[in-house]
Amino acid sequence: MKKLFVSILIFIFTQTYAFAINDVKKVYLQEAIEVALKNNIDLQAAQLNINIAKNDIKTANRLQNPEFNAFYNFGASGWTEPRTLGLSEKIEIAKRKARKNLAQSNLKLVEKNVGYTKFDLKLDVREAYINLVAAKSILTTLEQQQHLQEELLDIAQKRVKSGTVPEIDVIQAEIALNQMITQVNTAKVNVKTALSDFNKIINDPNNITYDSMDKIFSEENNFAEMLTPAPDTNFPKCSEIIEEALENRYDIQIAKQEIDVAEKNLTVVSRQRIPDIEIVGGYGYQLANHTDDGRFNSGGYAGANIVNIPLFYNYSPEIKNATLHLQQAELKYQSVKNKAIKDITAAYDRFLTAAENLKYYESKILTSSEKLIDISKDSYESGKSDITSLIVMKQSYKSIIVGYTYALTDYYNSWTNFLREVNDENFDL
């Protein structure tokens, strides 16, 4: 009885654990982005760099630790010399503030890089979500085509039995159906792969599998749910948005901040040439049996040293390298700005083309192809055409529907790519 009870507990635990691992949560795009920002492990690791940079500021602003000194004489040569206990402190001249400024500038650079990482994560989630929805939409389309092919096989079998068509019609219909089944199987694998990629980008350590909403491509408000403007929007010219688009690019801000870091680093390196001061002081004494007058004598002492005098080495190589790093940062900034204009223009042109293609599909191709397939199906059922023509028409119709899905996917992805280039997920056209 005890063994049976233990077995039941183990079974319940394993089933509960398996359910927790396979817990699936369907989310819209905005919710998926929020989940990724909250739970993504890579982002959490990147955000720790901010705390590290803040601690680096404290490190840069540190005071040098003092040194304890003791001087004790042995033997006759030091019989009358005092014994001393003291401290020495190195005081840096014009270095500590420069180090702190460099660390503060580096903190701003780290914050901008973390902001860029967060922005990239949002866009990666967008892209993975779009690809998942697209894969599921293509699977749905192919399953519908498989169902239509099954209906066609059924029609062909009935017509063969009635003697109106030869048996080869059934063979052709079966071949077409089997081809469609293989395509459906491949589409199912593509959905699983897209789902895995989507969850890999979210990178949630909890045992939750996130999934997109089903058939979101076919909903009337799909553009709002996908955080994308409708293709019939009156889009402005690229020249009208380019200035605004350049304002928010993280790579330009980062490149500009790298110049500031390089400038402050040059200051830090240059100030290594300035000598530092070492202050010493302490307590000295002589024992009574070590003095001429037989008395215990004591007192203090103080002194100062100039240290780190750039006599044999003046830090010229470090200063030259720091200057070259500054020049590199300035050139990088100019390069990033020049490339940004071209990248934004190319991304926007692609987006406008995707919008035109999508509108053409919706207004011209889809409507005509739907009428054509209905006419072809009725024509075969009535005996006015052969099955080969109908199969060809069905394959063409399938290609058109799949092509429309790809066009819709390209439209969403091109908008995502445009947002990636302007570095602003809320960019308003």
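Structural data are supplied above this passage.
Criteria and cut-off values
Residues numbered from 1 in each chain as written. Predicted model: local features only at pLDDT ≥ 70, side-chain atom pairs only at ≥ 80, totals over all residues. Heavy atoms only, no water. Phe/Tyr/Trp six-rings, centres within 6.5 Å; stacked < 30°, edge-to-face > 60°. Patch = residues over 30% accessible without salt bridge, like charges linked within 9 Å, V, L, I, M, F, W, Y side chains within 5 Å. Areas by Shrake-Rupley, 256 points an atom, 1.4 Å probe, with all protein chains shown as cover. Salt bridge = Lys/Arg side-chain N within 4 Å of Asp/Glu carboxyl O. Lys, Arg positive; Asp, Glu negative; His and termini not counted. Charge placed at Lys NZ, Arg CZ, Asp CG, Glu CD. Helix = DSSP H or I, 4+ residues; strand = E, 2+ residues; numbered from the N terminus. Buried < 20%, exposed > 50% of the residue type's maximum accessible area, 1.4 Å probe, protein only. Axes fitted to C-alpha atoms, helices over the stretch in contact; angles between N-to-C directions. Parallel < 35°, antiparallel > 145°, perpendicular 65-115°, else oblique. Left-handed = near helix turned anticlockwise from the far one by under 90°. Nonpolar A, V, L, I, M, F, W, Y, C, P; charged D, E, K, R; others polar. Arc of directions from axis to C-beta. Contact = heavy atoms within 4.5 Å. Pairing = 2+ DSSP bridges. Polar contact = N/O pair within 3.5 Å; in protein donor to acceptor, adjacent residues only side chain to side chain. Core = buried A, V, L, I, M, F, W, Y, C linked by side-chain atoms within 4.5 Å.

Draft legend 1. Structural view of the packing of aromatic side chains. Taken as a whole and judged by the stated rule, the model has 17 aromatic pairs. Through a chain of ring-to-ring contacts, three or more aromatic side chains come together here, namely Phe-223, Phe-235, Tyr-348, Phe-351, Tyr-411, Tyr-412, Trp-415, Phe-418 and Phe-427.

Draft legend 2. Quick look at a negative patch on the surface. Together, Glu-243, Glu-244, Glu-247 and Asp-428 make up a region of like negative charge exposed at the surface. With respect to the helices and strands, Glu-247 occurs in helix 7 (residues 238-247). When its relative accessible area of 54% is taken as the criterion, Glu-247 is described as exposed.

Draft legend 3. View of the packing of helix 4 (residues 96-161) against helix 8 (residues 250-270). Close contact between helix 4 and helix 8 brings their axes to 9 Å; oriented N to C, the two are set at 165 degrees. Comparing their axes, helix 8 and helix 4 come out roughly antiparallel. With respect to the hand of their crossing, helix 4 and helix 8 are arranged in left-handed fashion. Of the residues that constitute the contact of helix 4 with helix 8, the class distribution is nine nonpolar, nine polar and seven charged.

Draft legend 4. Structural detail: helix 2 (residues 29-39). Among the residues of helix 2, those classed as buried are Leu-29, Ala-32, Ile-33, Val-35, Ala-36 and Asn-39. One side of helix 2 holds all its buried residues, which, seen down the axis, span an arc of 160 degrees. Where helix 2 is buried, its residues contact strand 1 (23-27), helix 3 (41-60), helix 4, helix 5 (168-202), strand 4 (208-212) and helix 6 (222-225).

Draft legend 5. Focus on the sheet that holds strand 2 (residues 67-71). Within the open sheet, the four strands sit side by side as 2-3-5-6. Their pairing is antiparallel. The sheet terminates laterally at strand 2 and strand 6 (297-307), the two strands that pair on one side only. Along the sheet, successive strands turn relative to each other by an average axial angle of 20 degrees, direction set aside. Sheet analysis places strand 5 (residues 276-286) next to strand 6, joined by 11 bridges and oriented antiparallel. Its bridge partner being in strand 6, Tyr-283 is matched across the sheet by Gly-300.

Draft legend 6. View of the side chain of Asp-204. Within the element layout of this structure, Asp-204 appears in the loop between helix 5 and strand 4. Side chain to side chain, Asp-204 and Tyr-210 meet in a polar contact 2.9 Å long. In this view, Asp-204 contacts Val-35, Asn-39, Asn-199 and Tyr-210; residues no more than four positions away in its chain are not counted.

Draft legend 7. Layout of the nonpolar core. In this structure, Val-125, Phe-198, Tyr-411 and Phe-418 are the most contacted members of the largest nonpolar core, which totals 54 residues. Contributions of two or more residues to this core are made by helix 2, helix 4, helix 5, helix 7, helix 9 (316-381) and helix 10 (387-422). Non-local contacts of Phe-418, meaning those with residues more than four positions away in its chain, are made with Ile-241, Ile-344, Ala-347, Tyr-348, Phe-427 and Leu-429. With 13 residues, the next largest nonpolar core counts Ala-255, Ile-259, Leu-266 and Ala-329 among its residues.

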